[in-house]
Amino acid sequence: MVDRPVVFSGMQPTGVLHLGNLLGALRPWVLEQHQFQNFFCIVDLHALSQPHDPQELADKTRQVAALYIASGIDPEVSTLLVQSHLHEHTDLAWILGCVTPVGWLERMTQFKDKAHRQDAERIGTGLFTYPVLMAADILLYRTNFVPVGEDQRQHLELTRNIAVRFNRLFGATFVIPEPRIGRMGAGGRVMALDDPETKMSKSAEGETGRIALLDPPARIRSKLMRAKTDSGSAVDVAHAGAGVANLLDIYRGLTSCTPEQLASEFDGDGYGKLKGKIADAVISTLTPIQERYRELMADPTHIDAILAKGATRAREVAGATMAEVRQRVGLLPTAPLG
Ligand code: TRP
């Protein structure tokens, strides 16, 4: 048990969790949770890197925890933690920041994109050092695999570079983590319903492009009915355009059916019929998740207790890594507690 490889991943408690998060992240995490030693983190400190509403952040942190559990993450099997509950994350981020060349951070495309949209006098330094904190998250747990979306590839590469550099400067300390990009499960990437060329987004203003995990059935159906399709009129699975292909991918992600089964199920259907069937499948997947979510949210102290237990378990690993890191870089040991 002890030597199962370590998986670490995280999500920011911002925006609206949607079908793409379920099929591309939560579901694959759940399916493989018994094969690994898992740490699933809610990265609330990362959420501070953009302007935010404090009450909303607090509420969302609990909500995301409840959605993790409602989606099948078993807190007895996987460690569920809130990033800010362990000071080790920020402690390590400072130390790693001191060995990360500024030039490496300046090359991060996500920073450039986000910074580009804002006035330089208003962008917080945290947005710039965001990837260093992410590296700390991962390296603290001696992580072997990091399941993330394609958009995080560059951050993972940076994490590896930081680990290699630290190991070279101070001696072998960190495990070099490997990304697992979209490989964990079918339906890895869900596109926006209203624009199937772009990813379904947590933060897009308009909500017609996404199916939120908490959308009521009638809304799920109406969003799917309005989803963009191809110019033809009947489904041809082998030659589907982006819109229809996305709906078919969603169905595959929900049911794990084969391409042959897809063709026999949908070929020749009109688009209205296709959308109706997809809506049925989405609703029957989300209904039990929503019920479980409501039960959990009815008792916030229970959620907080699960998170406190997760923090205690996480601290065993993170604390040991930090003791070693401190010694490697020449910080005196902290006095033992109590
Ligand atoms: N940056 C990630 C995202 O936006 C979230 C994240 C923070 C993360 N720390 C992490 C993901 C560590 C994986 C591992 O998706």
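I will try to describe carefully the structure that is included in this document. (Residues numbered from 1 in each chain as written. Predicted model: local features only at pLDDT ≥ 70, side-chain atom pairs only at ≥ 80, totals over all residues. Heavy atoms only, no water.)

Remarks on the side chain of His89
And then number 1: Structurally, His89 can be placed in helix H4 (residues 87-97).
And then number 2: At 2.9 Å, the side chain of His89 forms a polar contact with the side chain of Tyr141.
And then number 3: Once residues lying within four places of it in the same chain are set aside, the contact partners of His89 are Phe8, Leu81, Gln83, Leu133, Ala136, Asp137, Leu140 and Tyr141. (Helix = DSSP H or I, 4+ residues; strand = E, 2+ residues; numbered from the N terminus. Polar contact = N/O pair within 3.5 Å; in protein donor to acceptor, adjacent residues only side chain to side chain. Contact = heavy atoms within 4.5 Å.)

Section: the packing of aromatic side chains
And then number 1: On inspection of all chains with the given rule, the structure shows nine aromatic pairs.
And then number 2: Seen from their ring centres, Trp29 and Tyr68 are 5.7 Å apart, and the 90° between their planes marks the pair as edge-to-face. Residue Trp29 is found in helix H1 (residues 19-31), and its partner Tyr68 is found in helix H3 (residues 54-70); the two are separated by 39 residues along the sequence.
And then number 3: Tyr68 sits in the buried class, given a relative accessible area of 0%.
And then number 4: Considering the side-chain rings of Phe111 and Phe128, the 5.0 Å spacing of their centres and the 65° angle between planes classify their relative orientation as edge-to-face. Here Phe111, found in helix H6 (residues 109-116), pairs with Phe128, found in helix H7 (residues 125-140); they are 17 residues apart in sequence, far enough to count as distant.
And then number 5: Linked through ring pairs, Phe8, Phe39 and Tyr141 together constitute an aromatic cluster.
And then number 6: Seen from the ring of Tyr130, Lys114 lies directly overhead, with NZ or CZ sitting 5.2 Å from the centre.
And then number 7: The ring of Trp104 has Arg165 sitting right over it, with the charged end atom 5.6 Å from the ring centre. (Phe/Tyr/Trp six-rings, centres within 6.5 Å; stacked < 30°, edge-to-face > 60°. Buried < 20%, exposed > 50% of the residue type's maximum accessible area, 1.4 Å probe, protein only. Lys NZ or Arg CZ within 6 Å of the ring centre and 35° of its normal.)

Digging into the environment of Ala263
And then number 1: Tracing the backbone through its elements, the reader meets Ala263 in helix H11 (residues 259-266).
And then number 2: For Ala263, a relative accessible area of 23% gives the class partly exposed.

Comments concerning helix H13 (residues 300-329)
And then number 1: For H13, spanning 30 residues, the distance from its first C-alpha to its last is 40 Å, which sits close to the expected 44 Å at 1.5 Å a residue.
And then number 2: Remark: the principal bend of H13, roughly 35°, maps to Arg315.
And then number 3: For H13, the complete set of buried residues consists of Ile303, Ile306, Leu307, Gly310, Ala311, Ala314, Ala318, Thr321, Met322 and Val325.
And then number 4: Phi for Gly330, located one or two positions after H13, is positive at around 95°. (Expected span 1.5 Å × (residues − 1). Bend = angle between axes of the 7 residues up to and from the residue.)

Considerations on the pairing of strand E4 (residues 145-148)
Within a regular strand, side chains alternate between the sheet's two faces.
And then number 1: Every second residue of E4 is oriented toward a common face, with Phe145 and Pro147 on one face and Val146 and Val148 on the other, all of them buried.
And then number 2: In terms of strand pairing, E4 meets strand E5 (residues 178-181) through four bridges, oriented parallel. What sits directly across from Val146, in E5, is Pro179.
And then number 3: Taken together, E4, helix H8 (residues 153-170) and E5 form a β-α-β motif whose crossover is right-handed. (Pairing = 2+ DSSP bridges. Right-handed = clockwise from strand over helix to strand, strands pointing away.)

Things to note about the site of the ligand
And then number 1: Near the ligand, the surroundings consist of 13 residues, among which His46, Tyr130, Met134, Asp137 and Gln152 are the closest.
And then number 2: In this structure, Tyr130 approaches the ligand through a side-chain N or O atom, which is 2.7 Å from a nitrogen atom.
And then number 3: At a separation of 2.8 Å, a nitrogen atom of the ligand approaches a polar side-chain atom of Asp137.
And then number 4: Across the complex, the protein chains shield 88% of the 360 Å² of accessible surface that the ligand would expose by itself.
And then number 5: Every element with two or more residues in the shell around the ligand is listed here: strand E1 (6-11), H7 and E4. (Near = heavy atom within 4 Å. Areas by Shrake-Rupley, 256 points an atom, 1.4 Å probe, with all protein chains shown as cover.)

Brief notes about the packing of H1 against helix H10 (residues 242-255)
And then number 1: Orientation of H1 relative to H10, taken along the N-to-C sense of each, is 45°, at an axis distance of 11 Å. In terms of axis orientation, H1 runs oblique to H10. Relative to H10, the crossing made by H1 is left-handed. Residues Leu19, Leu23 and Arg27 of H1 pack against Ile250, Gly253 and Leu254 of H10.
And then number 2: A class-by-class count of the residues in the contact of H1 with H10 yields four nonpolar, one polar and one charged. (Axes fitted to C-alpha atoms, helices over the stretch in contact; angles between N-to-C directions. Parallel < 35°, antiparallel > 145°, perpendicular 65-115°, else oblique. Left-handed = near helix turned anticlockwise from the far one by under 90°. Nonpolar A, V, L, I, M, F, W, Y, C, P; charged D, E, K, R; others polar.)

By themselves, these figures tell us nothing about what the structure is for.
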